[in-house]
Every structure is written in C-alpha cells, then in structure tokens.
Amino acid sequence: MEEIIVTGGVRLKGSVKISGAKNAALPILAATILTSEKSRIKNVPKLEDIRTIYKLFKRLGIMVEEDGDRDREVVIDPSTLNSSEAPYDLVKTMRASCLVLGPLIARLGRARVSFPGGCAIGARPIDLHLKGLKSLGAEIGLESGYINASAQRLKGTNICLDIPTVTGTENIMMAAVLAEGETIIENPACEPEVVSLSEALNSMGASISGAGTRIIKIKGVTELKGMDYSIIPDRVEAGTFMVAAAITQGDIKIEDCIPEHVDHIIARLRDAGMFIEEGEDWVRVKGGHKIRAVDIRTSPYPGFPTDMQAQMMALMSLSDGLSVITETIFENRFMHALELKRMGADITIDGHSAVIRGVPSLSGAQVMATDLRASASLILAGLSAKGDTIISRIYHIDRGYECIEKKLEGLGAKIKRVRG
Ligand code: EPU
C-alpha cells in the first residue's frame with residue numbers, strides 16, 4: 001500500500017490550478033443516463049471516484065470515451081445501456097454510485113442498486129432518497145441487500161425533505177425531470193453542486209427552476225437530449241489549498257476557482273488572521289505570523305462545509321488560543337482528531353464538538369488516513385510539522401484530490417509517495 005511522506009517546515013508559495021469538482025462531476029455523469037444521446041463533459045477531474053463511476057457505467061453497458069488531452073473531456077454514450085443494476089462491489093467502494101438510482105428509474109422504469117452500508121464518517125442512510133422516489137410513484141423493495149425500484153412513468157408531486165440532503169436532492173431531481181407533471185422539492189440542498197446539476201439538466205432540455213433556493217420546481221418533460229457541459233471548480237480542493245497557505249505561513253494564489261463558493265472559508269480564514277485577496281476566478285491567501293483561534297460550526301451551504309472541517313481542525317491545532325469545532329452534518333467525522341493528537345495536537349472530543357487548544361508546533365509522526373478529508377488534514381498538519389509525517393492508507397486522498405502531491409510540490413512542499 002502506498003504512503004505519503006511530508007517533510008514539514010516549508011512556506012508554500014506560488015499558484016495552483018483547481019480541478020473540476022468531484023461532487024459536481026458524479027451527479028452530472030449520472031445524469032447522462034437520462035437520454036440515449038451522447039453527452040460531452042469537460043473539466044472532469046481524474047480521480048478514483050470518477051474511475052469508479054466509469055466502471056459502473058461499463059457494467060451498465062454505457063460507453064465511456066476519455067480524451068485526457070482535450071480539456072479533460074469525456075464522452076458518454078448511453079445508447080447501449082443494457083442493465084439497470086449497480087452491483088455491491090462498486091457501491092461499497094463508492095456510496096455515490098447510488099446516484100444512478102433516479103436516472104435509471106426515469107429512463108428504464110427500473111433499477112436494482114446495492115443498498116449502501118455504513119461509512120467511516122457516519123451512518124449516512126438514504127431513506128430520504130427512497131421516500132422521495134416513492135412519492136414520485138416508484139415501487140421500492142429491499143431484497144438481499146439490494147434496492148429494487150420500478151415505475152411505469154413517475155408522476156410529479158410535492159416532496160418536503162426532512163434534511164437538505166445533497167445527493168438525495170440530486171437523485172430526486174434527476175428522477176423528476178422525466179416525470180409527468182410538476183415536482184416541487186421543499187427544503188432541498190442548496191450546494192453549488194446541486195445548482196450545477198440543475199444547469200446541466202436544463203441544458204439537456206429539462207425545466208428546473210429554483211436550484212440554490214429553498215424551493216426547487218421541476219416541470220417534467222418527455223425526453224432529454226445529450227449535454228455539452230463543463231464541470232465547476234472544486235470548492236473543497238480550493239479551500240484545502242487556502243488552508244495550506246495559512247498553515248505554512250505561505251502565499252498561494254488559488255486559480256480557476258469560484259470565490260463565491262468559498263465565501264464561508266474565506267470569512268473564517270480572515271477571522272483566523274490570514275490576508276486574503278479575491279479576483280473573478282482566483283483567491284490569494286497569505287498566512288500571518290499568528291493563527292487566531294476561531295470557532296467553527298459546520299452546516300449545509302451556504303454555511304461552513306463539513307468537507308472542510310478536518311482541514312480547519314489541523315489549522316486550529318496551531319492557533320494561539322482555544323477553538324471549538326462543532327460538526328452538525330455527520331455523527332462520526334472526528335477520526336482525524338485522534339491522528340492529529342499523535343502529532344502533538346491538543347484536542348478533546350465532546351460529543352459533536354472538538355475543543356482544540358492551540359500548541360506552538362506539531363511534530364511529524366506516523367499517522368493513518370481514515371477518510372478523504374481526514375487525509376487532507378493530515379497532509380496539511382504534516383506540511384507545518386517538525387520532521388517527517390508518514391501517512392498510510394493514502395488511497396483515500398486519491399478519491400477526491402487530483403495529483404495532490406504534484407500540486408503541493410509545485411508550491412515548494414517536500415512531499416513524496418512511496419510504497420509502504
Ligand atoms: N441523511 C439522512 N437520510 C438521507 C440522506 C441523508 O438522514 O436519506 C443525513 C446524512 O446521514 C447526513 C445528512 O443527512 O447526516 C447530510 O447528508 P447528505 O445526504 O447531504 O450527504 P451526501 O449527499 O451523502 C454529499 C457529499 C459529501 C458531503 C455531504 C454534505 C457527494 C457525492 N457527497 O454527501 O462529500 O460531505 O454531501 O455536504 O456529493 C466528500 O466529498 O468528502 C463528501 C463526503
């Protein structure tokens with residue numbers, strides 16, 4: 001298994017380009033199933049999770065043609081779709097595989113999708129996806145670990161989500177675009193990735209309004225065409241590099257990002273004493289001599305993203321005071337805290353909150369990545385620590401960060417990947 005070794009102490013400087021967003025690319029790729037026409041998707045990040053969805057597409061009989069040199073372009077040809085099953089071995093590798101549920105029911109009138117099991121960061125049920133699809137008229141049964149769904153043609157309806165679930169909103173939206181009549185989703189997720197999916201679906205001929213607000217309205221259409229769409233920049237990758245500048249007292253220009261999508265991260269980093277400039281598609285972060293302690297509470301967009309909580313915890317470990325980070329989205333997303341403690345961080349977990357007493361420095365240690373964002377936080381901690389940090393189970397990072405060590409190396413970091 002591969003490990004990453006980071007030798008800390010270098011102030012990162014320079015510019016870095018942000019890749020396409022994993023969490024926008026996954027639902028948009030799933031949406032290509034809604035038609036038999038070809039779709040052309042640009043700026044698709046080269047990530048393990050994206051490879052997993054291609055594997056799933058191949059099992060479904062869908063052709064995937066990657067043209068890496070041309071704008072990270074992928075052509076999806078779903079005309080050969082000949083299966084409606086998302087099997088266990090792929091769903092267990094990536095929960096987001098269940099994003100094909102809505103599109104398969106809408107296009108084929110049936111889907112058989114392995115029921116996602118537990119996850120390192122929380123229980124992550126999909127009851128709200130299923131409730132929404134049932135309200136649209138799908139018959140849903142559970143058998144031998146699989147969700148069996150069927151419907152003649154889905155019928156538009158009013159769906160009020162108890163929790164603004166991101167992939168739940170996306171699954172329901174994708175099912176509803178081909179339903180008969182109007183669907184109204186109340187309390188949907190407002191994340192930029194949901195807005196981007198609605199734009200992509202509208203470019204296929206769907207009629208969706210209100211994405212990004214508290215009510216989404218979808219007027220069902222009878223068919224959709226292929227799309228030609230470019231994936232939005234990854235706001236979590238952008239935020240991670242912003243923290244990299246802050247934690248190393250560096251100076252990084254983060255290019256090809258959408259500053260509005262990282263507003264909340266910018267605000268918290270300014271509170272922590274960082275100097276931040278913004279342009280139309282870039283953010284420049286300069287680390288100060290001190291890191292001020294700030295409290296953070298994760299919440300659905302436009303609040304502080306749970307996907308940036310672990311990275312901010314690494315930063316707060318080095319603050320000049322006491323900060324409290326409260327995680328409100330997932331019930332078990334503090335695994336990185338125990339690894340940060342191995343590096344000398346002073347963190348106490350109390351239910352959904354972590355109390356972090358800043359220390360003057362961290363020291364390199366052998367640590368283990370437990371999930372995607374936890375791995376990012378350990379790399380960040382390693383960048384600032386004294387000595388070498390050896391991070392195992394690094395395959396988690398490849399699920400969501402494209403060439404992270406190359407990008408960090410370009411900023412001066414001493415980082416290498418080795419076989420463990
Ligand atoms: N929830 C339910 N029932 C449901 C669905 C969700 O109770 O049917 C709960 C979850 O257990 C959680 C909360 O609702 O407590 C919010 O979960 P949500 O459904 O919004 O999360 P998700 O759609 O499974 C996406 C991202 C995650 C990101 C979360 C929150 C994708 C592919 N994944 O997950 O990304 O953390 O939204 O913003 O879009 C990551 O990239 O590292 C990652 C985990």
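Quick caveat: nothing in here was measured; it's all calculated off a predicted structure.

Visitor: Sorry, what's going on with the overall build of the protein chain here?
Guide: For the protein chain, the helix and strand inventory stands at 14 helices and 24 strands. What you see for the protein chain is a C-alpha radius of gyration of 21 Å, in line with the 22 Å of a compact globule of 420 residues. Each principal axis of the C-alpha atoms in the protein chain carries an extent, and together these give about 65 × 45 × 45 Å. A burial count over the protein chain gives 58% of its 420 residues as buried. Of all intrachain contacts in the protein chain linking residues separated by at least 6 positions in sequence, the fraction that spans at least 24 positions is 72%.

Visitor: Which parts of the structure should I look at to understand the packing of helix H8 (residues 235–247) against helix H10 (residues 309–316)?
Guide: When two helices pack together, their arrangement is given by the angle between the helix axes and the distance between those axes. One way to put it is that H8 packs onto H10 with a least axis distance of 10 Å and a crossing angle of 5°. In terms of orientation, H8 lies roughly parallel with respect to H10. Between H8 and H10, the residues in contact are Val236, Thr240, Val243, Ala246 and Ile247 and Gln311, Met312, Ala314 and Leu315, respectively. For the contact of H8 with H10, the class distribution of residues is 7 nonpolar, 2 polar and no charged.

Visitor: Could you clarify how one ought to interpret the domain arrangement of the protein chain in this entry?
Guide: Many analyses report the size of an interface as the accessible area lost when the parts associate. The domains assigned to the protein chain are domain 1 (2–19 + 233–419) and domain 2 (22–230). Distance from the C-alpha centre of domain 1 to the C-alpha centre of domain 2: 30 Å. On the domain 2 side, the residues contacting the 21 residues of domain 1 number 21 residues. In terms of surface lost to domain 2, no three residues of domain 1 exceed Tyr301, Arg399 and Glu402, which account for 35% of the buried area on that side. Scanning the region where domain 1 abuts domain 2 turns up 3 salt bridges. The salt bridge involving arginine 72 is made with glutamate 402; its shortest N-O contact spans 2.4 Å. Connecting domain 1 to domain 2 are 9 residue pairs in polar contact (both at pLDDT 80 or more). Here the residues of the side of domain 1 that touches domain 2 are counted per class, giving 6 nonpolar, 5 polar and 10 charged.

Visitor: Quick question: what am I supposed to make of helix H7 (residues 192–203) here?
Guide: Given 3.6 residues to a turn, an α-helix orients residues that are three or four positions apart in the same direction. With 12 residues, H7 ought to run about 16 Å at 1.5 Å a step, and its terminal C-alpha atoms sit 16 Å apart, in line with that. Turning to H7, its buried residues are Pro192, Glu193, Val194, Ser196, Leu197, Ser198, Ala200 and Leu201. A positive backbone phi angle near 110° is found at glycine 205, which sits one or two residues after H7.

Visitor: Where do I start with the side chain of threonine 370 in this structure?
Guide: For threonine 370, the location among the structural elements is in the loop between strand E22 (366–368) and helix H12 (372–384). In this view, threonine 370 contacts Ala120, Met335, His336 and His396; residues no more than four positions away in its chain are not counted.

Visitor: Looking at this structure, I do not really get the sheet that holds strand E21 (residues 353–357). What am I missing?
Guide: With mixed pairing, 4 strands are arranged side by side in an open sheet as E18-E19-E21-E20. With one partner strand each, in any of the chains shown, strand E18 (296–297) and strand E20 (346–350) form the two edges of the open sheet. Pairing between E20 and E21: 5 bridges, direction antiparallel. In the sheet register, isoleucine 349 faces E21, and the bridge partner there is alanine 354.

Visitor: What is the right way to look at the packing of aromatic side chains in this model?
Guide: If you walk through the whole model with that rule in mind, you get 0 aromatic pairs. Across the ring face of tyrosine 146, the terminal group of arginine 112 is positioned such that the distance to the ring centre comes to 4.1 Å. Sitting over the ring of tryptophan 282, lysine 253 keeps its end group 4.8 Å from the ring centre.

Visitor: Any chance you could explain the site of the ligand here in plain terms?
Guide: Looking at the ligand, there are 20 residues lining it, with Leu128, Thr165, Thr167, Asp307 and Ile329 nearest. One nitrogen or oxygen atom from the side chain of lysine 22 is found 3.0 Å from an oxygen atom belonging to the ligand. Within the contact set of the ligand, an oxygen atom lies 2.5 Å away from a side-chain nitrogen or oxygen of threonine 167. In isolation the ligand exposes 830 Å². Once the protein is present, 88% of that is buried. Those elements that provide at least two residues to the shell around the ligand are helix H1 (22–31), helix H5 (127–135), helix H6 (166–176) and H12. Classifying every residue of the shell around the ligand gives 9 nonpolar, 5 polar and 6 charged. The residues that make up the shell around the ligand include at least three from each of domain 1 (2–19 + 233–419) and domain 2 (22–230).

Visitor: Honestly, the nonpolar core in this entry has me stumped. Any pointers?
Guide: Across soluble globular proteins, you tend to see nonpolar side chains buried next to one another. In this structure, Leu34, Phe57 and Leu201 are the most contacted members of the largest nonpolar core, which totals 77 residues. In terms of residue count, H1 provides more of this core than any other element does, 7 residues in total.

Visitor: Which parts of the structure should I look at to understand the pairing of strand E3 (residues 39–42)?
Guide: Side-chain positions along a regular strand alternate between the two faces of the sheet. Burial of the side chains of E3 is restricted to one face: Ser39 and Ile41 are buried, whereas none of Arg40 and Lys42 on the reverse face is. Of the pairings in the sheet, the one linking E3 to strand E5 (residues 73–77) comprises 3 bridges and is antiparallel in character. Counterpart to serine 39 in the pairing with E5 is isoleucine 76. Of the strand pairs in this sheet, E3 and strand E14 (residues 228–230) are connected by 3 bridges, and their pairing is parallel. Its bridge partner lying in E14, isoleucine 41 is registered against tyrosine 229.

Visitor: Just checking my understanding: could you explain unusual backbone geometry for this structure?
Guide: Residues apart from glycine generally show negative phi values, whereas peptide bonds are mostly found in trans. Put simply, tyrosine 301 and proline 302 share a cis peptide bond, and its omega is 10°. The phi torsion at glutamine 249 lies on the positive side, around 55°, for a residue other than glycine. If you trace the backbone, glutamine 249 turns up in the loop between H8 and strand E15 (251–255). In the Ramachandran plot, cysteine 403 falls in the positive-phi region, its phi being about 45° despite a non-glycine side chain. Along the polypeptide, cysteine 403 turns up in the loop between helix H13 (395–398) and helix H14 (404–410). Exposure remark for cysteine 403: the relative accessible area of 40% places this residue in the partly exposed category.

What counts and what doesn't
- Every chain is numbered on its own, with residues counted from 1 as its sequence reads.
- Local features are withheld for residues below a pLDDT of 70 in this predicted model, meaning they are given only at 70 or higher, and side-chain atom pairs are given and counted only at 80 or more; totals for whole chains, interfaces and linings count all residues.
- Calculation of side-chain values draws on the structure's entire complement of heavy atoms; hydrogens and water are dropped beforehand.
- The numbering of helices and of strands both runs from the N terminus, where a helix is a DSSP run of H or I of at least 4 residues and a strand a run of E of at least 2.
- Both definitions apply: the radius of gyration is a C-alpha atom measure, and the globule rule equals 2.2 Å times residues to the power 0.38.
- Relative accessibility decides the category of a residue: with a 1.4 Å probe and only protein chains considered, values under 20% of the type maximum give buried, values over 50% give exposed, and everything between is partly exposed.
- Here a residue-residue contact requires only that any non-hydrogen atoms of the pair lie within 4.5 Å.
- Throughout, an axis means a line fitted to C-alpha atoms (over the contacting stretch in the case of helices), and angles, computed between N-to-C directions, take values from 0 to 180 degrees.
- Angle categories are assigned with fixed cut-offs, so that under 35 degrees is roughly parallel, over 145 is roughly antiparallel, 65 to 115 is roughly perpendicular, and the rest are oblique.
- Amino acids outside the nonpolar list (Ala, Val, Leu, Ile, Met, Phe, Trp, Tyr, Cys, Pro) and the charged list (Asp, Glu, Lys, Arg) are all regarded as polar, and Gly is one of them.
- In this document the domain limits rely on a domain assignment from an automatic tool or a database.
- Buried area is calculated as the accessible area (1.4 Å probe) missing from two parts once they are joined, with the contributions of both summed.
- Salt bridge, as used here: a side-chain nitrogen of Lys or Arg that lies within 4 Å of a carboxyl oxygen of Asp or Glu.
- Contacts described as polar in this section are N or O atom pairs within 3.5 Å, which, within protein, must combine one atom able to donate a hydrogen with one able to accept it, while residues neighboring in sequence count only if both atoms come from side chains.
- In a helix, the anticipated span is given by 1.5 Å times the number of residues less one.
- When DSSP finds two or more bridges between a pair of strands, those strands are recorded as paired.
- Ring pairs shown here join Phe, Tyr and Trp side chains whose ring centres sit within 6.5 Å, with only the six-membered ring taken for Trp; geometry is labelled stacked below 30 degrees between planes, edge-to-face above 60, and tilted in between.
- Only when the NZ atom of a Lys or the CZ atom of an Arg is both within 6 Å of the ring centre and within 35 degrees of the ring normal do we say a charge sits over the ring.
- The nearness test applies per residue and asks whether one of its heavy atoms lies within 4 Å of the molecule or strand.
- Surface accessibility in these figures is a Shrake-Rupley result with a 1.4 Å probe; residues are shielded only by whichever protein chains are displayed.
- We define the nonpolar core as a collection of buried residues of types Ala, Val, Leu, Ile, Met, Phe, Trp, Tyr and Cys that are connected through side-chain atoms lying within 4.5 Å of one another.

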